[in-house]
Amino acid sequence: MTVEQNVLQQHSQKTLLNQLKEVTGTTDSQLLQQALQVSNGDLAEAVAFLTEKNTKVPHVNEATYYQTAQVGNDRYISVGSQADTNVIDLTGDDKDDLQRAIALSLEESNRAFRETGITDEEQAISRILEASIAENKATLKRSHAEVWRDSPNPYDRKRQDSCPVGLKNVGNTCWFSAVIQSLFNLLEFQRLVLHYSPPARAQDQPRNQKERRNLPFMQELRNLFSLMVGSNRKYVDPSRAVEILQEAFQSSESQQDVCEFTHKLLDWLEDAFQVKAEDTREAKEPKNPMVELFYGRFVAVGVLEGKKFENTEMFGQYPLQVNGFKDLHECLEAAMVEGEIESLHSAENTARSGQEHWFTELPPVLTFELSRFEFNQALGRPEKIHNKLEFPPMLYLDRYMDKNRDITRIKREEIRRLKEHLTVLQQRLERYLSYGSGPKRFPLADVLQYALEFASSKPVCTSPVDDIDSGTPSAGATAKQPPSHTSPAEQGASGSVEGVAPPSQQKTPPYKPFTQSCLPPNLPMHPAPRNITDDELRVLEGCLHRWRSEVENDTRDLQSSISRIHRTIELMYSDKSMTQVPYRLHAVLVHEGQAIAGHYWAYIFDPRQNSWMKYNDISVTKSSWEELMRDSFGGYRNASAYCLMYINDKKRFLIEEEFDVETGLMVSGLSKLPADLQEYVKEDNLQFERELKVWDMLQARKVQQEKQALASSTTAAAPPAGTGTGTGAAAGAGAGAGTEAAQPDSTAQQPDPEYMEQQSPTDDARHVREETQRAIARAAAEHSAKGPEVLLNAAIEVEYTRLLRLAQEDTPPERDHRLQHVIVYFIQNEAPQKILERTLLAQFADRNLAFDERCKSIMKVACAKMELITPEEVNMQEYEMWHREYQKFRETTVYLMIGLELYKKESYVESLVYLIYAYQFNRELLSKGQYRGHDERLIAHYRRECLLKLNEHAARLFESGEEPEVVSGLSIMNELVVPCIPLLLLDEMEEKDVIAVEDIRNRWCSYLGQEMEPNLQEKLTDFLPKLLDCSTEIKSFLAAPKLGAYSTLELCERFGRVMAALSRIPADGR
């Protein structure tokens, strides 16, 4: 039998008790035992019994403890401190529905136990509670059509150097990626999986359901690990392994819990290696490497109803409560000591109950399961605990070891005494710092200082009321009489206040307490005593000075004592004898979102690079301890650690690479794999190489087709835009920069929206021809007697000088000269001189210049020169690449222009699509050079604002509660907002985008705490996982809008108008 099978037989009753306790919230052990006895072990009937009895358990100080079995039995249980739990009232109006949901949940659990022999004991409490309140809600869904799609360009999916391989999210499988990456980076675990070979007997004739399930899973896990070692892909697809797991979970559409999945995975691995161990065993007790790697033992020492006991138990993942604790050591202390521990080592056997846990054997890999959820009884659902919990990169566990039991008890008692003393000192300090008997309290030293300042103020002899100008009407008169419009001269003639001489001849205007912003200058700044003698003042000042000095000394002494006690407690376990069991943090599994929905990723330490790596599905990036703390400790946004994986720092084999015995070199790459896996990876890499070749072939064919299309356009009946060079002439002239030739047919067939202008009848090339003719005229004026070749060179020089001046001019965005001519764009981006020369030559080779003999002769010379240009002189592929890039720039400009126009018209749905593509295309351009695109911050700002406005609009539609509006609002979110979120998160350096995403998510998460109709709650539950999925893999989005044709003059004028209007609006972000 496996360890798990032994545990299941010995602890079935305990499992039933734990499940019943978690579902109902009842903490009375006797009542739970009674319910199980009445129901004969049927959990559904037990819940019904508790419900019908209308059980109300009063809040007690003592925690409830599970009973231990006979001494000496090895057991596998989930252990941890049992926090006080408020009772869930099952007797409300919805009792029957809730009871039925609980009964169905428990019936499913029992059926699974009977069929497979595996209980749900390891399931997180949040899962059980969610199942209890789910009633008839649909499960969280993600259709296969919504699974992230691969980039069509395989080069985007190619692995860079030795970068770690990511895992594709195949539909709510971020939990799988986080756990598998954490285990894969344990090199000892990686080796065990890769070199696993099941016995032939088990492969041919599996003995039971477990073998039929586990052995195929192990093979798929081996295949997956081998690809993660040697694949040429940036990320690999884990679908086959996930499908086997999801069948066992019986919930292929819902997102799993990391702790739940880790439990299940370790169980399967244990079973798989147990089959191998039993088949090849040489001793009575075959060793299971999974048990040796992940399982430890502790001894439970305690008193139960006055009787002492001491039992040894086995554990895997160690659960810890988070709520109420500030760091990991506090969680561990609470989990290791439960109840009235004084009675554990006292001579008297009292009726008190309690127990301590002491580790007798720690596993090499120690996993802590952080319980970050609580049940909100008012709302009837689990909620995530976002409290901050700190944990160290190096954890010393000596204080929890059984061999240190005596010394730890002494230190705990000393800490308890110090904390009691600390509490008294803090209470005394609080009396000094918050002095007074009223609602407002102040530091006593400040109170004495204020009294001293009051006593030392210059005495006044009048009442603060009489001190105001006697000419000012009283409060009652003010209410009855209209305000007096007295002239300054009349005010000066009025008498002065009795007893107070006016400071000057000019009378100070009366003080108006409700309209005047400052006090009149003749009023004292502070109140002062009416009468005080010098002797009284001298005595009072002496007392106040002495008292204040005494209070300050007492405060300093208290603060110093408190600091010393804190320091003493911190150093209590720092001596050498208590730092002999070091565990280093290996991985942190982080969850962002709420209890019912969210996204997982992992931070894993790479000892070879001595840095932290962030594994977020397909994305693997270098990280830092600071980023890990921000995302993992909690208290910041909605992200926090759910699982911590520590490894024994003295067992270096866990993370050390293998070295070849003969050569002494490190074994890496495919050399790490067995022969069968090497062939598997090689085959996959060959398939990927074929994908790359097919892509290259398609791109080459596409380029060839573009060449042929451009060449054929020059021989068409319509007046051509240049000579046989095609792209050069058209792009050189800047005539639409390819937008006119891009999709003329599809554009003509569709009705243009109101913002889309029809194609201008103006011939765009005519503008360039006019400039060309002016350059020829100027050259002829200076070289009238010269031949056509000299005139051509002179005209090209004139035109180039003009364009160079435009390129060097510093202009605002509304006057972007790059749109006027392709040469300006080339100059600013430092295109090769040969590209510039050929582009200008194509401009002068335009046949439409032949309206007189001089232009005709120059055109012929230009055509002849172009025919003489050899491929060695001008690389035509590079030439066409530059012109395609300029075409891309103009298309990006059109997307941006239309997007901004629509934004001004508040057509945010249409605007967002244009701005998204404008940003993406612009980003591609800017990646090649600073001047190849537009201002990225400007586009990002309006893209972000567009998303926020759409989110607000969708939220209001959802709040309306009307079915058509709700559907419309969620459609906007699913089709526009949610697919855009990964685009904003790709560049985490843009903090405003990250904040905007948080605003969007928080707006929808705020509905979780509100009452709403069941159909709205169901739609919200369906939608939230998609919104909270933090994967940065690009999701399918709407196709790019088709662009109309714009002449250069039209594009410059229209773009200039839009940018000029924006320049009057600050664009500094939110």
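In case you missed it, the structure is sitting above this.
The present account deals with the structure reproduced in this document. (Residues numbered from 1 in each chain as written. Predicted model: local features only at pLDDT ≥ 70, side-chain atom pairs only at ≥ 80, totals over all residues. Heavy atoms only, no water.)

**Some thoughts on the overall build of the protein**
Check the secondary structure of the protein and you find 36 helices and 16 strands. Expressed as a percentage of its 1070 residues, the buried residues of the protein come to 49%. The long-range fraction of contacts in the protein, counting pairs at least 24 apart against all pairs at least 6 apart in sequence, stands at 75%. Carbon and sulfur atoms provide 50% of the accessible area of the protein, an area that totals close to 53,400 Å². (Helix = DSSP H or I, 4+ residues; strand = E, 2+ residues; numbered from the N terminus. Buried < 20%, exposed > 50% of the residue type's maximum accessible area, 1.4 Å probe, protein only. Contact = heavy atoms within 4.5 Å. Areas by Shrake-Rupley, 256 points an atom, 1.4 Å probe, with all protein chains shown as cover.)

**Here we look at the pattern of salt bridges**
Per the counting criterion, the structure on display carries 41 salt bridges. Between R297 and E361 there is a salt bridge; the shortest N-O distance is 3.8 Å. Within this pair, whereas R297 is found in strand β3 (residues 296–304), its partner E361 is found in strand β7 (residues 354–361), the two being separated by 64 residues in sequence. Under the relative-accessibility criterion, E361 is labelled partly exposed at 42%. (Salt bridge = Lys/Arg side-chain N within 4 Å of Asp/Glu carboxyl O.)

**Here's the deal with helix α10 (residues 209–230)**
A rise of 1.5 Å per residue sets the reference length of α10, with its 22 residues, at 32 Å; its end C-alpha atoms lie 32 Å apart and thus fit the reference within 8%. For α10, the buried fraction is high: 18 of the 22 residues fall into the buried class. (Expected span 1.5 Å × (residues − 1).)

**Side note on the packing of aromatic side chains**
With the rule as written, the count across this model stands at 31 aromatic pairs. Ring centres of F298 and F315 lie 6.0 Å apart, and the angle between their planes is 40°; this geometry places the pair in the tilted category. Of this pair, F298 sits in strand β3 while F315 sits in strand β4 (residues 307–315), and the two are 17 residues apart along the sequence. Like F298, the residue F315 is buried in the burial classification. (Phe/Tyr/Trp six-rings, centres within 6.5 Å; stacked < 30°, edge-to-face > 60°.)

**Describing the nonpolar core**
Core analysis: the biggest nonpolar cluster contains 106 residues, and F826, W1004 and L1027 have the highest contact counts within it. Once residues lying within four places of it in the same chain are set aside, the contact partners of L1027 are M973, V978, I981, I1000, R1001 and W1004. Counting 62 residues, the second largest nonpolar core, distinct from the first, contains V170, L194, L221 and L673. (Core = buried A, V, L, I, M, F, W, Y, C linked by side-chain atoms within 4.5 Å.)

**Considerations on helix α15 (residues 405–433)**
Relative to the 42 Å expected for 29 residues at 1.5 Å per residue, α15 spans 40 Å between its end C-alpha atoms, a close match to the ideal helical length. Among all positions in α15, only R405, T408, R409, K411, R412, I415, L418, L422, L425 and L429 are buried.

**Topic: the packing of helix α8 (residues 187–194) against α10**
Contact geometry of α8 with α10 gives a least axis separation of 9 Å together with a crossing angle of 125°. On the basis of the axis angle, α8 is oblique to α10. Of the two elements, α8 crosses α10, and the hand of that crossing is left-handed. Touching F189, Q190, V193 and L194 of α8 are L221, R222, F225, S226 and V229, all from α10. Its residues assigned to classes, the contact of α8 with α10 shows six nonpolar, two polar and one charged. (Axes fitted to C-alpha atoms, helices over the stretch in contact; angles between N-to-C directions. Parallel < 35°, antiparallel > 145°, perpendicular 65-115°, else oblique. Left-handed = near helix turned anticlockwise from the far one by under 90°. Nonpolar A, V, L, I, M, F, W, Y, C, P; charged D, E, K, R; others polar.)

**Here's the deal with the pairing of strand β13 (residues 598–606)**
The buried count for β13 comes to nine of nine residues, which makes it a mostly enclosed element. Here β13 shows no split at all, with G598, Y600, A602, I604 and D606 on one side and H599, W601, Y603 and F605 on the other all buried. Here strand β12 (residues 582–593) pairs with β13 via seven bridges, running antiparallel. Note on β13: the bridge partner recorded for L589 is A602. Alignment of β13 against strand β14 (residues 611–616), held across five bridges, turns out to be antiparallel. Within β14, the residue paired with F605 across the bridge is W612. Hairpin remark: β13 followed by β14, antiparallel, with four residues in the connecting loop; positive phi at N610, about 55°. (Pairing = 2+ DSSP bridges.)

**Structural notes on the side chain of R399**
On the secondary structure map, R399 appears in the loop between β11 (394–396) and α15. We note that R399 is buried and unpaired, the nearest opposite charge coming from E333 at a distance of 4.1 Å. Leave out the neighbours within four places in its chain, and R399 touches H329, E333, W358, T408, R412, Y573 and M578. (Lys, Arg positive; Asp, Glu negative; His and termini not counted.)

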